[in-house]
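Residues per chain are reported as follows:
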Amino acid sequence: STSKIYPIVTTTLPTNPSVKDYNASDSLRVAWNTDTKAFPGLSVIDLSTVVSGDIDVDNQVNMLVGTTADNIHPNDYGNSLLAVPLANKLKQLV
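Residues numbered from 1 in each chain as written. Predicted model: local features only at pLDDT ≥ 70, side-chain atom pairs only at ≥ 80, totals over all residues. Heavy atoms only, no water.

Draft legend 1. View of helix H1 (residues 26-38). With 13 residues, H1 should cover 18 Å at 1.5 Å per step; its first-to-last C-alpha distance of 19 Å lies within 8% of that length. Buried within H1 are the following residues: Asp 26, Arg 29, Asn 33 and Thr 36. Each buried residue of H1 sits inside an arc of 80° when the element is viewed along its axis, so together they form one side. Facing away from the buried side of H1 by over 90 degrees, the exposed positions are Leu 28, Asp 35 and Ala 38. On the buried face of H1, the contacting elements are strand S1 (9-10), strand S2 (44-45) and strand S4 (61-63). (Helix = DSSP H or I, 4+ residues; strand = E, 2+ residues; numbered from the N terminus. Expected span 1.5 Å × (residues − 1). Buried < 20%, exposed > 50% of the residue type's maximum accessible area, 1.4 Å probe, protein only. Arc of directions from axis to C-beta. Contact = heavy atoms within 4.5 Å.)

Here it is as structure tokens:
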């Protein structure tokens, strides 16, 4: 049998301002994610959208309420949300 390697890239998750207040420069992360998703031939899983919540007054996208305990890493609930697009992409590839 032949093994196959499937390179997969994910979008960058948001961070709550209590950890790092990126303010309007969070738009760079958003633009990076947009460019990454549009890159031809690249297999991308959009994890950012799944755990993106409110946008604050400084235009920083916060993590969806309930998806993090430390304001930067997904908790069990956040991981359960992230597992869905990950599983879907893996099913497409294998």
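Draft legend 2. Spotlight on helix H2 (residues 76-93). Here H2 is 18 residues long and its end C-alpha atoms lie 25 Å apart, about the 26 Å a rise of 1.5 Å per residue gives. Along its length, H2 shows its largest kink, about 25°, at Ala 83, and proline Pro 85 lies within four residues downstream of that point. For H2, the side-chain oxygen to backbone nitrogen distance between the N-cap and Tyr 77 is 3.1 Å, and the N-cap itself is Asn 75. (Bend = angle between axes of the 7 residues up to and from the residue. Polar contact = N/O pair within 3.5 Å; in protein donor to acceptor, adjacent residues only side chain to side chain.)

Draft legend 3. The arrangement of the pattern of salt bridges in detail. Here the structure, examined in full by the defined rule, presents 2 salt bridges. With a shortest N-O distance of 2.8 Å, Arg 29 and Asp 26 are connected by a salt bridge. Residue Arg 29 and its partner Asp 26 are located together in helix H1, separated by 3 residues, close to a single helical turn. (Salt bridge = Lys/Arg side-chain N within 4 Å of Asp/Glu carboxyl O.)

Draft legend 4. Focus on unusual backbone geometry. A positive phi angle, close to 55°, is found at Asn 23, a residue other than glycine. Within the secondary structure, Asn 23 sits in the loop between S1 and H1. Of the residues examined, Asn 23 reaches a relative accessible area of 31% and is grouped as partly exposed. Even without being glycine, Asn 59 reaches a positive phi, approximately 70°.

Draft legend 5. Structural context of the packing of aromatic side chains. For the structure shown, the criterion picks out 0 aromatic pairs. Positioned above the aromatic ring of Tyr 22, the side-chain terminus of Lys 20 is 5.6 Å from the ring centre. (Phe/Tyr/Trp six-rings, centres within 6.5 Å; stacked < 30°, edge-to-face > 60°. Lys NZ or Arg CZ within 6 Å of the ring centre and 35° of its normal.)

Draft legend 6. Main features of a nonpolar patch on the surface. Where nonpolar side chains cluster on the molecular surface, the patch consists of Tyr 6, Ile 8, Leu 86, Leu 90 and Val 94 and spans about 430 Å² of accessible area. Topologically, Val 94 is positioned in the segment after H2. Residue Val 94 is classed as exposed on the basis of its relative accessible area of 74%. (Patch = residues over 30% accessible without salt bridge, like charges linked within 9 Å, V, L, I, M, F, W, Y side chains within 5 Å. Areas by Shrake-Rupley, 256 points an atom, 1.4 Å probe, with all protein chains shown as cover.)

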